[in-house]
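What follows is the residue order along each chain.
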Amino acid sequence: MIQQFTKTRWASLLIITAVLVGFSCSEFDLDEDPGKSQLAVLPYESIAELDLAVTGMYNRMWAALRMTTAFVSAWGGDDLTTHRASNKADFREYDQRAVTLGNARTRNTWRGVYQAIRAANTVLVNVQGVDLPDRATQDKLTGEAYFIRGMLFHHMARIHGRIALPLDIVPNPDITLASQEEVYRQIESDYLAAEGLLPTTSNTGATRPNAGTARAFLARLYMDWAGFPVKDNSKYSMAASSAKQVIDNAGSHGFALVPDMNTLYTLAGSANSEGVFTIAHCQPCGLGNRKTGKLGLPGDFGGWQESFAEIRFFEDMPEGHRKDATYHREIPLDAHGRVTPNVAGAASFIPWTEFKDQQNPVFKKITGPFEDNIFNGFQNSRSDYYMRYAEVLLTYAEASGRAGAETGDAWEALNMVRRRANGLPAGEASSEVDVTSGDLAEMAYTERKWELAGEYQRWYDLVRLERVKEALSNRSPQVSIGTVFDADGNATPTPLTEASNPILGSLETDNYFHPLPPDEVTQLPGLGGG
Amino acid sequence: MASILARMSLLALLCCGMHPAFGQRTITGTITDEAGDGVIGASVVVQGTATGVVSDFDGTYSIEANTGDVLEFAYLGYLSQTITVGDQSVINVALSPNVQELDQVVVIGYGTVKKSDLTGAVSTVTADDYKDQPVTRMEDALQGRAAGVTVARANGAPGANIKVRIRGVNSITGNNSPLVVVDGIQGADLSSINPNDIASIDVLKDASATAIYGIRGSNGVIMITTKKGRGKGQVDVEFFTAVSQVPDFLPTLQDDPATFARLENLRRINVGGNPNFTDSEISQLESNGGTNYQKEIFQTGVSNNLAISASGSEGKLSYFLSGTYRDQEGILITNTFKQLSLRSNLEAEISDRFTIGLNIFANRDVAKNDIGFAGNGQGSIVAKALTWDPTTPIYDASGAFNFRSIKGIASLNDNPVRTLTESDAQGINEQLSTALNASYKITNNLTYTLTAGTQLNNFNNQIYDVEVGDDFLPHTVFRNNKFQSYQISNILTWQKAFDVHNIKLTGVQEYTNATSITNGYNAFDLSLPKGFFFAELAPNAGQSAINNFSERELSSFMLRAEYIFDQDLLVTATGRYDGTSVFRSDNRWGFFPSVAVAYNLSSVVENSPTFNSLKLRAGWGQVGSQNVGPYSTFGGLGFNSFAFDFSSASAGSVLTSFENADLTWETTSQFNIGVDLGILEGRGSVSLDFFDKTTSDLLLAVPVPNTFGGGIINQNVGEVKNTGIDFSLGYTIVNTENFDWDANLNFSYVKNEVTKLYNDLEMIQGLYTSPGGQSRVLNTIELGQPLGQFQGAIFQGTWKTAEAAQAAEFGKNPGDVKYARDANGEIIFETIGNGTPTTVWGFNNSFSYKGFDVNLFLQGMHGFDVYNIQQAMITGGAGDSRSFLASDQVNQWTPQNETDIPATVQFYNSSRYVEKGDFIRLSNLTLGYNFGGLGERGPTLKAYASGQNLFLITDYTGYDPELSSRKGGQGNEDVAPGINIGAYPNPRVFTFGLRFGF
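Each chain has its residues counted from 1, following the order in which its sequence is written. Just so you know, chain letters begin at A and ligand numbers begin at 1, following the order they were written in. Reporting of local features is limited, given that this is a predicted model, to residues whose pLDDT is at least 70; pairs of side-chain atoms are given and counted only at 80 or more, and all residues count toward the totals for whole chains, interfaces and linings. The side-chain quantities take in all heavy atoms of the structure and omit both hydrogens and water.

Our next topic: the overall build of chain B. A tally of regular secondary structure across chain B gives 11 helices and 51 strands. For the radius of gyration, the atoms used are the C-alpha atoms, and the globule rule reads 2.2 Å times the number of residues raised to 0.38. Taken over the C-alpha trace, chain B has a radius of gyration of 32 Å; the compact-globule value for 998 residues is 30 Å, and the two agree within 12%. Burial classification: accessible surface area is computed with a 1.4 Å probe over protein chains only, and a residue below 20% of its type maximum counts as buried, one above 50% as exposed, and the rest as partly exposed. Counting every position in chain B, which comprises 998 residues, the buried fraction comes to 58%. Any two residues whose heavy atoms approach within 4.5 Å are treated as being in contact. Counting contacts in chain B only where the partners sit at least 6 residues apart, residues at least 24 apart contribute 69% of the total. Residues scored as positive are Lys and Arg, those scored as negative are Asp and Glu, and His as well as the terminal groups of each chain are ignored. We put the charge of a Lys on NZ, of an Arg on CZ, of an Asp on CG and of a Glu on CD. In chain B, which carries 66 positive and 100 negative side-chain charges, the distance between the mean positions of the two groups comes to 1 Å. Think of it this way: any DSSP run of H or I at least four residues long counts as a helix, any run of E at least two long counts as a strand, and we number them from the N terminus.

See below:
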């Protein structure tokens, strides 16, 4: 056989070997080049990189807060309720003060908000020690990251009280639950850092925060800090001075009350001076608002029957311009019996007391005016006020009262809100509505109740002032006459006597804050300390 | 195998000189095939000499030979014959085809082995095994025919993905699909392979067999060998028409809209609301009926299938050419699947030492309105139809579609008939695969083979979707996924026999490279409903672009030694050394060894009246998995956007993945013992294998706690074990002149268990969440349990009037659903079922009586549950199916009749909806008749009628327990099997076909 192994064959073997080795040379470099299609997590080398990361953080914040899910705890308030059956169990649990550990909205809020916090941490970690040529822009963007992180910690603290405070992007399996004071101090530190870095003014509606935004949120923080559970009353004066500082510089921050409250809750009015911090939505961009629209309508009209108005709260609210801007009392229908945006040409109107499924007033703030035609959509481009200037005014008034510093300016802040609520120019004194004596703090507190109704804020006022029991023990309708229909559709007027969803859980302070999602505690045992 | 035979016969002819001897005379004759036609190019050799000739055009030959000489007649694909010359001067030979040829050789990767010399666990399916069943998919050919292989059709849509698993599932995160190797080229997609092109399928199951594929071998390997031409030219044409329909509609209250309306009123009244339907509306529904959306979205689908192939050989060139055209209608309205595939397999013997072959496969298929496009967080289009309001007609008075339920009840989704009618979602798959095989015999012992191949795959998704939300402005989505790969394998084989020793060494050097490019755009909110090609009608804010690129490389060396001692002791040892680009350089290279021993004990059973052969096999090996995406070891940023001005979005980046530079392959070690038994002179055969497989260092996507932003870090943690049995039995029960009955039984049992997790965790939450706003997690991974655990509440019926006080503590009333609760009164959520089958079997019978043949194929799956969320949605009263629609709701709880059917809202995720999935199916029944040759030289004709999925024996109440369905982004399908949120039913199919041969 060896003889057969001629020179030609040796030659061919050599050629094959050469080919083989030839291929191989290029084959042993197996290193990947992820940079060809993906950005790496590295310190920023340009404003453009930083800007991308900051925009990405806003997207995560938007994703976390775009739905009612992140505001589910607000159903504890006496302004809001939900459908008594249907798939609204997660909301109902908060409404009835009997929240189960498995509540998916609690879990999803935790997930969404902490994802946004990581996005803020990504910016703050990678801007550390970086000095980019355009320092002003770097500072502005860094300030935005501090603000968003502080605001999101604050959001979580209002739901759970004590929370986790991750400040890095690397997971720390040994993280522990921060004490309530640590939580507030971290939020304060983030807001202060933001204030120091942010410009005086940003854009109309402040979808990007400015220094005034950060200060206004400090005022909100101090109000919470002064109340339950820390009850550090010294914080009221800090809340007052912070709010005052924002009010004094409102012009340069671009903050002011809009003249007509009705315009606040419209598509056209999305960007306006009243936004101290506004979450921007853009439906065609795939970035729609899912906190407003059809979820406020009852099922009779194709609604998602999620955010209904409590009847008693509605009954108690003073009549007037503001109440009309807050509620729809009736639904306009076309000739086919469908809800119509053409209110002027509506064939008929169904009052809320004649809804077939569940009789509650409808929040106009949530469904929008029918003319805006967002009532039939589960998403839209309307803005969402995370804080309105009216709140800053009322915070100033209430904090001043509670700090025992009832200045004329504090009364004026309250009166501005009252005047506008009555359809009067906010800046012009009115003998009809102005108040200058009495318990300023309590008057401001009550004014907040009406001013911020249906804006997912009321619950937090009840918590900080420990008034949950007081407010929720008193929800039975007094004067509303509903309707019972028989099998032939004949209506019998019948008084409404009970709130839509009865209270099932405790109204005491041990049921104010909600346990962390069990998954988190399983994975991070250090968070079990609460 | 054909090529080996050919090489041997040509060698005999051409290697040697011509030295005519004395005493010779001329022998002539004609060599004919089974049809009596002359065979061109058959070889005639005087045995033991160098003398040989080749037959001419008419099949005639002429050779010089002596009286005592023995002539050997050989032709590719036919049984050789030897005839002693004697005093004959004319010797005519009729060759018969070698049908056993493929059975005798098993493809084991980088070579073949005689079945009797096999040491590993390999199941083989040949074209013969499924020739009596009209098969349009490779997976159908495999299902129930290969022990150890589980084939689950999750979805009855034509062209839909079918899940194939070999010996259980190993990976919790990575893909568990086997590696598919077609004619030596790795990484093919089983779904697009044309079954008509397949000669044999060899399934490598144990690690001793799969270790030659090293880091790609852990899920088993399916070796596919496509057909080659042989002998006289042969043309086959097959045409069949198939009619598909929904086997059985599900009972719902859509059948009885008046009762639906009454219950809907009750649902309202029970929670303090008012009736929605007046008595007069109900009596109208009673007399006029409503709309049954289940029946409206389904149709009888008609499909046509034409397959043509030509094969044969001319001199040293053999060819197999085939084309198939398929035009299938789904049973879902507007759902179609069209496919054209072409194959050209050519092989040339350039010289006695050099053979080269090139196989080219081109395929284009288009699936329209497959179920996937219209599914979302609220279930599939089937689930939506099953839960749609039967009191709202399809069209309004003006003839336009009713978009939503007029009364805002039942499903909150769009009218499914409109969605299917007006949307146009196409998945267009264009594919070109090539495989070049060149073999050069350097010496008689040493052969070099080059296998090189490419795959080009363009998959386009072009979607025009009208079910988009409340503004009803249509969306278009376009994605092009361009996948390109190539492989170069250099193979050296050295083989030598010394007395009783036979040694074969195979060395391989190989490189593969795969790149994937995705480009696409979204155009949302088109201002006019014009169709897919009007993306420009979207506002600027609604337009967005996406693209991506990734590349992966694999560099490998493999050495295999096969040793046979005295025909009886067989040893195979392999080692493969793989380097993959998806891991960093320090963790990149892995060595995967295996060894297998087999012993032929045929002498032991030599005198047995029953058994005629016996072989014992044992093997051990390690294989790997590199099933993580490219760049998985790097942290990276993804993109998103935000619109600061409410109207135009700016790009943003966000951290989406974490770095883990230490990541390395996942290792599967497997031990296998087996026995092969031949019964009654080969009339029957039995094969039994036991395996024990452990997968460690799992490539697990370890969830990052939500506190740190969620997402995953890939880590090598955890362990999964699979142990089981594969059994196959083949037997010719009757074998007489007129009547034959062949039966084959395959049975597999696998026990799957998660034996290690991480951080002392006993359970990891899965990623599959229930549809319709409840978003509770349905599946878990539980230590000590098989993958595929279902999680939910424990259903205990209803609260009764007598329990009113206790119910009130939880805010419940009599008639409300009752679930088991813990000591604190919290509802318990725990494991309530498992969706991974333990037992799979197939029983195939072929009968032939004269010209008739009958095929009857039964198969079954056992030992698993189905989480029938679809039924939960039909039951309704929750989520996005607001109204009760289950037909048993007529017996719901009332104060007078306290049944266990709740009258109010309940969870989807409860044990109420877990059902046993066990089933037995008549997969195929075919009756065929062979007309034989039509006329003297006319074509042969066979006609057949068959039915697939003719009956199903099961206790399951949904369409079909084999089906499951899923949304995107819900993790590994093997971790959430058996969950049904509205699967496309498996159709019952009646087929009528004709087969011609020329």
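There's more to say after this.
To continue, consider the interface of chain A and chain B. The partner chain B presents 94 residues to the 105 residues of chain A that form the contact. Together chain A and chain B conceal approximately 8,100 Å² of surface at their shared face, both sides included; 58% is due to carbon and sulfur atoms. Reported buried area values correspond to the accessible surface (1.4 Å probe) lost by two parts on association, with both partners' losses combined. Of all residues in chain A, Leu30(A), Glu32(A) and Arg118(A) give up the largest surface area on contact with chain B, accounting jointly for 10% of the area buried on that side. Basic side-chain nitrogens of Lys or Arg form a salt bridge, by our definition, when they fall within 4 Å of a carboxyl oxygen of Asp or Glu. Put simply, chain A and chain B have four salt bridges between them.

Turning next to the nonpolar core. Throughout, nonpolar core names a set of buried Ala, Val, Leu, Ile, Met, Phe, Trp, Tyr and Cys residues whose side chains join them through atoms within 4.5 Å. One finds Met61(A), Leu65(A), Phe147(A), Met151(A) and Phe277(A) to be the most contacted residues of the largest nonpolar core, which totals 149 residues. The contact partners of Met61(A), leaving out residues within four places of it in the chain, are Ala116(A), Ile148(A), Met151(A), Leu152(A), Phe277(A), Ile279(A) and Phe642(B). Listed in part, the 42 residues of the second largest apolar core include Leu263(B), Ala385(B), Ala425(B) and Leu963(B).

This next bit is on the sheet that holds strand S3 (residues 52–54) of chain B. Within a sheet, neighbouring strands are paired by backbone hydrogen bonds and run either parallel or antiparallel to one another. Residues and elements named next belong to chain B. What makes two strands pair is DSSP finding at least two bridges between them. Here four strands make up an open sheet; going across it, the order is S3-S2-S5-S6 and the pairing antiparallel. At either end of the open sheet lies a strand with only one pairing partner, and these are S3 and strand S6 (81–84). If you compare each strand with its neighbour and ignore which way they point, the axes differ by 20° on average. When strand S2 (residues 43–46) meets S3, the two strands line up antiparallel, connected through three bridges. Bridge pairing in S3 links Val-45 to Gly-52. Axis angles are defined between N-to-C directions and span 0 to 180 degrees, where every axis is a line fitted to C-alpha atoms and, for a helix, only to the segment in contact.

In this structure the tally under the stated criterion is 78 salt bridges over all chains. Linking Glu195(A) and Arg215(A) is a salt bridge whose minimum nitrogen-to-oxygen distance equals 2.8 Å. With Glu195(A) in helix H6 (residues 180–197) and Arg215(A) in helix H7 (residues 211–226), the pair connects residues that are 20 residues apart, well separated along the chain. On the accessibility criterion, Glu195(A) (16% relative accessible area) is buried. Arg215(A) sits in the buried class, given a relative accessible area of 14%. For Arg912(B), the salt bridge goes to Asp888(B), with nearest N and O atoms at 3.9 Å. With Arg912(B) in the loop between helix H11 (869–875) and strand S47 (914–916) and Asp888(B) in the loop between H11 and S47, this pair connects stretches of sequence that are 24 residues apart. In this structure Arg912(B) comes out as buried when scored by relative accessible area, which is 18%. Each of Arg220(A), Glu391(A), Glu398(A), Arg402(A), Glu442(A), Arg448(A), Asp461(A), Arg464(A) and Arg467(A) takes part in one network of salt bridges that share partners.

This part covers the packing of aromatic side chains. Between the rings of Phe, Tyr and Trp (Trp by its six-membered ring), a pair exists once the centres lie within 6.5 Å; its type follows the angle of the planes, with under 30 degrees stacked, over 60 edge-to-face, and the other angles tilted. Enumeration over the complete set of coordinates arrives at 49 aromatic pairs over all chains. Ring geometry for Phe298(B) versus Tyr959(B): centroids 6.1 Å apart, planes at 85°, classification edge-to-face. Here Tyr959(B) lies in the loop between strand S50 (952–954) and strand S51 (988–997) and Phe298(B) lies in the loop between helix H7 (293–297) and strand S18 (301–314), a separation of 661 residues in the sequence. An identical accessibility class is assigned to Phe298(B) and Tyr959(B); each is buried. An aromatic cluster is built from Phe71(A), Trp75(A), Phe91(A), Phe147(A), Tyr191(A), Phe217(A), Phe277(A), Tyr386(A) and Tyr456(A), whose rings are joined through pairwise contacts. Two conditions define a charge sitting above a ring: the NZ of Lys or the CZ of Arg must be within 6 Å of the ring centre, and it must be within 35 degrees of the ring normal. Positioned above the aromatic ring of Phe549(B) is the side chain of Lys36(A), whose terminal nitrogen or guanidinium carbon lies 4.0 Å from the ring centre.

What follows concerns the pairing of strand S4 (residues 60–65) of chain B. Moving residue by residue along a regular strand, the side chains alternate between the two faces of the sheet. All names here are of chain B. Burial of the side chains of S4 is restricted to one face: Tyr-61, Ile-63 and Ala-65 are buried, whereas none of Thr-60, Ser-62 and Glu-64 on the reverse face is. Here strand S1 (residues 25–32) pairs with S4 via six bridges, running antiparallel. What sits directly across from Thr-26, in S4, is Glu-64.

Turning our attention to the environment of Ser405(B). All names here are of chain B. As for its placement among the helices and strands, Ser-405 is situated in the loop between helix H8 (381–386) and helix H9 (416–422). Considering only alpha carbons, one finds Ser-405 and Trp-388, 17 residues apart in sequence, at a separation of 7.7 Å. Of note is the side chain of Ser-405, whose polar atom sits 2.8 Å from the side chain of Asp-389. Polar contact is defined as a pair of N or O atoms within 3.5 Å, subject to the rule that within protein one atom must be able to donate a hydrogen and the other to accept it, and that residues adjacent in sequence are counted only when both atoms are side-chain atoms.

Looking now at the state of the cysteines. All names here are of chain A. Cysteine sulfur atoms are paired as a disulfide whenever they come within 2.5 Å of each other. Using the criterion set out here, one finds one disulfide over all chains in the structure. Paired by a disulfide, Cys-282 and Cys-285 hold their sulfur atoms 2.1 Å apart. On the sign convention where negative is left-handed, the bridge of Cys-282 and Cys-285, at about 60° about the S-S bond, is right-handed. Residue Cys-282 is classed as buried on the basis of its relative accessible area, which comes to 1%.

pLDDT expresses, on a scale from 0 to 100, how confident the predictor is about each individual residue. Of all residues in chain A, 94% have pLDDT values of 70 or greater, and the mean over the chain is 92. Low confidence marks residues 1–5 of chain A, where pLDDT is under 50. Its contacts with residues over four positions away, or in another chain, come to eight contacts.

Inspection of the secondary structure puts Pro173(A) in the loop between helix H5 (135–160) and H6. Spatially, the C-alpha atom of Pro173(A) lies 34 Å from that of Arg290(A), the residues being 117 residues apart in sequence.

This part covers the packing of helix H13 (residues 389–402) of chain A against helix H14 (residues 408–421) of chain A. Residue and element names in this part refer to chain A. Taken N-terminus to C-terminus, the directions of H13 and H14 make an angle of 140°; their axes are 8 Å apart at the nearest point. On the basis of their axis angle, the class for H13 and H14 is oblique. The handedness of the crossing between H13 and H14 is left-handed. In contact with Ala-390, Leu-393, Leu-394, Tyr-396, Ala-397 and Ser-400 of H13, H14 contributes Asp-409, Ala-410, Ala-413, Leu-414, Met-416, Val-417 and Arg-420. Residues are sorted three ways: Asp, Glu, Lys and Arg are charged, Ala, Val, Leu, Ile, Met, Phe, Trp, Tyr, Cys and Pro are nonpolar, and all the rest, Gly among them, are polar. Of the residues contributing to the contact of H13 with H14, the split by class is 10 nonpolar, one polar and two charged. By definition in this entry, angles of less than 35 degrees are roughly parallel, angles greater than 145 are roughly antiparallel, angles of 65 to 115 are roughly perpendicular, and the rest are oblique. A crossing counts as left-handed when the near helix is turned anticlockwise from the far one by less than a right angle, and as right-handed when that turn is clockwise.

All names here are of chain A. Under the convention used throughout, the expected extent of a helix is 1.5 Å for every residue step, that is, one less than its residue count. In a regular helix each residue adds 1.5 Å, so 12 residues correspond to 16 Å; helix H15 (residues 440–451) covers 16 Å between its end C-alpha atoms and thus fits that length. Of all 12 residues making up H15, nine are buried, and the element is well covered by its neighbours. Within H15, the full set of buried residues consists of Leu-440, Ala-441, Ala-444, Tyr-445, Glu-447, Arg-448, Lys-449, Trp-450 and Glu-451. For H15, the capping residue at the N-terminal end is Asp-439, with a side-chain oxygen 3.2 Å from the backbone nitrogen of Ala-441.

Moving on: the sheet that holds S4(B). Taken together, three strands build an open sheet; the order of strands is S4-S1-S7 (chain B) and the sheet is mixed. On the outer flanks of this sheet lie S4 and strand S7 (93–94) of chain B, each paired with one strand and no other.

Moving on, we get to a nonpolar patch on the surface. Residues and elements named next belong to chain B. A contiguous nonpolar surface patch, about 780 Å² in accessible area, is contributed by Val-595, Val-597, Trp-620, Phe-671, Ile-673, Leu-688, Phe-690, Ile-725, Phe-747 and Tyr-749. Contributions of two or more residues to the nonpolar patch are made by strand S28 (589–600), strand S32 (666–679), strand S33 (684–696) and strand S37 (739–756). Structurally, the position occupied by Ile-725 is in strand S36 (residues 719–735). A patch is a set of surface residues, each over 30% in relative accessible area and not in a salt bridge, joined within 9 Å for like charges and within 5 Å for the nonpolar side chains Val, Leu, Ile, Met, Phe, Trp and Tyr. Only the protein chains shown count as cover for residues, and all accessible areas are computed by the Shrake-Rupley method using a 1.4 Å probe.

Here the residue pair Phe228(A) and Pro229(A) is connected by a cis peptide bond, since its omega of 5° sits within 30 degrees of zero. Within the fold, Pro229(A) resides in the loop between H7 and helix H8 (235–248). In this structure, Asp760(B) takes a positive phi of about 60° despite not being glycine. As for its position among the elements, Asp760(B) is in the loop between S37 and strand S38 (763–765). Its identity is not glycine, yet Asn949(B) carries a phi of approximately 55°, on the positive side. Tracing the sequence through the fold places Asn949(B) in the loop between strand S49 (940–948) and S50.

So, on to the confidence of the model for chain B. The predicted coordinates ought not to be read in detail in places where the model reports low pLDDT. Here chain B averages 89 in pLDDT, while 95% of its residues score no lower than 70. The low-confidence segment residues 1–22 of chain B, where pLDDT is below 50, has 38 contacts with residues more than four positions distant or belonging to other chains.

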